[in-house]
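A closer look at the structure
Letter by letter, the chains look like this.
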Amino acid sequence: MSTEIQEMPEQGEIILATVTKVMDHGAYVTLDEYDDIQGFLHISEIAPGWIRSVNRFVKDGEKKVLLVKKVKAGDIDLSLKQVSKDQKKRKLKEVKKFEKGKTLLQNVQDKTKLSDEEIEEIEDKIYTKFDSVYDAFMEIARNGIVTIKELKLTKKTTTAIEDICSKIKLPSVEIRGIMEITNNKSDGVEIIKKTLLDVIKKDSTLDITYLGAPKYRISITSEDFKSAEKSLKPIIQEIQTNIEKKKGSFKFTREDSKKTREN
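Residues numbered from 1 in each chain as written. Predicted model: local features only at pLDDT ≥ 70, side-chain atom pairs only at ≥ 80, totals over all residues. Heavy atoms only, no water.

**So, unusual backbone geometry**
Using the following cut-off: Each helix corresponds to a stretch of at least 4 residues labelled H or I by DSSP, and each strand to a stretch of at least 2 residues labelled E; elements are numbered beginning at the N terminus. Burial classes follow relative accessibility: with a 1.4 Å probe on protein chains only, a residue under 20% of its type's maximum area counts as buried, one over 50% as exposed, and anything between as partly exposed.
Cis rather than trans, the peptide bond between Ala 213 and Pro 214 has omega equal to 0°. In this model, Asp 36 sits at a positive phi of 60°, which is unusual for a non-glycine residue. Note that Asp 36 resides in the loop between β2 (26–31) and β3 (37–42). A residue is classified by how much of its surface remains accessible, and Asp 36, at 48% relative accessible area, is partly exposed. Despite not being glycine, Lys 247 has its phi angle at roughly 70°, a positive value. Residue placement: Lys 247 occurs in the loop between α6 (225–245) and β9 (249–254).

Below is the structure:
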């Protein structure tokens with residue numbers, strides 16, 4: 001007889017579960033993050049109002065983000081209707097990051113031929129500094145292997161991690177807009193050209209494309225929208241100030257932003 005105590009979720013925790021058996025009065029699920037222990041989702045906790053058919057809301061094999069309502073004497077009561085959209089979104093993002101972290105560690109193991117125990121030790125060290133393995137690798141991809149210098153990993157391990165991180169395409173956003181610039185002076189074209197070249201030299205993430213007089217597209221790339229906006233605003237102000245100082249006209253219109261996803 002086993003004496004192992006199985007880990008249980010806490011009341012109020014948001015968990016990911018797999019539906020295993022749908023019945024008239026609810027559904028049994030297994031908790032993905034707790035060695036597939038079983039919980040129960042009562043029909044009254046599936047959706048607001050009267051439910052005619054449980055199958056309309058949950059089906060065998062489906063993954064659901066649920067709230068742990070109660071844990072008592074080995075029984076786990078769950079709720080679907082009490083999970084907000086934001087909670088669901090955060091949980092799915094967290095699970096996705098965890099799965100990506102597992103894949104990255106598997107890549108390290110494939111390269112180094114380390115044992116499962118050695119990989120587990122590396123994972124434990126990473127968690128002393130980062131919230132997830134995924135976060136660690138993304139930080140290394142941005143700032144280099146020096147990011148984990150204090151973890152004192154072997155040369156073979158850091159070389160493998162560095163190689164893997166060099167192939168990661170970092171998430172980024174691009175914000176852009178159309179500038180309408182005119183200057184009717186005899187050297188107006190040169191004034192505009194010099195103004196734009198001067199700002200391009202200052203920022204490698206900045207791009208300006210000529211669309212045909214008087215329009216130019218300006219775009220800037222950064223790791224998130226907040227930092228991109230912070231960078232673009234003074235650039236637009238500088239261009240406008242310099243153009244208007246030389247008796248030209250300036251108008252800026254924002255375009256839709258774009259977001260890229262990491263590998």
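**Side note on the packing of aromatic side chains**
The cut-off we apply is this: Centre distance within 6.5 Å is the pairing criterion for rings of Phe, Tyr and Trp, where only the six-membered ring of Trp is used; planes under 30 degrees apart are then read as stacked, over 60 as edge-to-face, and the remainder as tilted.
This structure, assessed with the given rule, holds two aromatic pairs. When the ring of Tyr 28 is compared with that of Phe 40, the centres are 4.8 Å apart and the planes differ by 55°; the resulting orientation is tilted. Of this pair, Tyr 28 sits in strand β2 while Phe 40 sits in strand β3; the two residues are twelve residues apart in sequence, bridging distant segments of the chain. Ring geometry for Tyr 210 and Tyr 216: centres 5.2 Å apart, planes at 50°, overall tilted. When its relative accessible area of 53% is taken as the criterion, Tyr 210 is described as exposed.

**Focus: the packing of helix α5 (residues 188–202) against α6**
For clarity, the threshold we go by: Axis lines are fitted to C-alpha atoms, over the contacting stretch for helices. Their N-to-C directions set the angle, which ranges from 0 to 180 degrees. Orientation is classified from the angle alone, with under 35 degrees giving roughly parallel, over 145 giving roughly antiparallel, 65 to 115 giving roughly perpendicular, and any other angle giving oblique. Crossing handedness: left-handed means the near helix sits turned counterclockwise from the far one by under a right angle, and right-handed means the same turn made clockwise. Note on definitions: a residue-residue contact is assigned when non-hydrogen atoms from the two residues lie within 4.5 Å.
Two elements in contact, α5 and α6, have axes whose closest approach is 10 Å; the angle formed by their N-to-C orientations is 155°. On the basis of the axis angle, α5 is roughly antiparallel to α6. For the pair α5 and α6, the sense of crossing is right-handed. For the pair α5 and α6, contact is made by Ile 192, Thr 195, Leu 196, Val 199 and Lys 202 and by Ile 235, Glu 238, Ile 239, Asn 242 and Ile 243, respectively.

**Structural notes on the nonpolar core**
Threshold: Put simply, a nonpolar core is a bunch of buried Ala, Val, Leu, Ile, Met, Phe, Trp, Tyr and Cys residues held in one set by side-chain atoms that sit within 4.5 Å of each other.
Of all hydrophobic cores here, the largest spans 21 residues; its most connected members are Ile 122, Ile 126, Phe 137, Ile 148 and Ile 161. Sorting the residues of this core by element identifies α1 (85–112), α2 (116–127), α3 (133–143) and α4 (155–166) as the ones contributing at least two each. Examining the composition of this core, we find that six residues originate from one element, α3, more than from any other. Residue contacts for Ile 126: discarding those within four places in its chain leaves Leu 105, Ser 132, Val 133, Ala 136, Phe 137 and Leu 151.

**A closer look at the environment of Gln 240**
With respect to the helices and strands, Gln 240 occurs in helix α6. The exposure class of Gln 240 is partly exposed, given its relative accessible area of 29%. Between the C-alpha atoms of Gln 240 and Asp 77, which are 163 residues apart in sequence, the distance is 61 Å.

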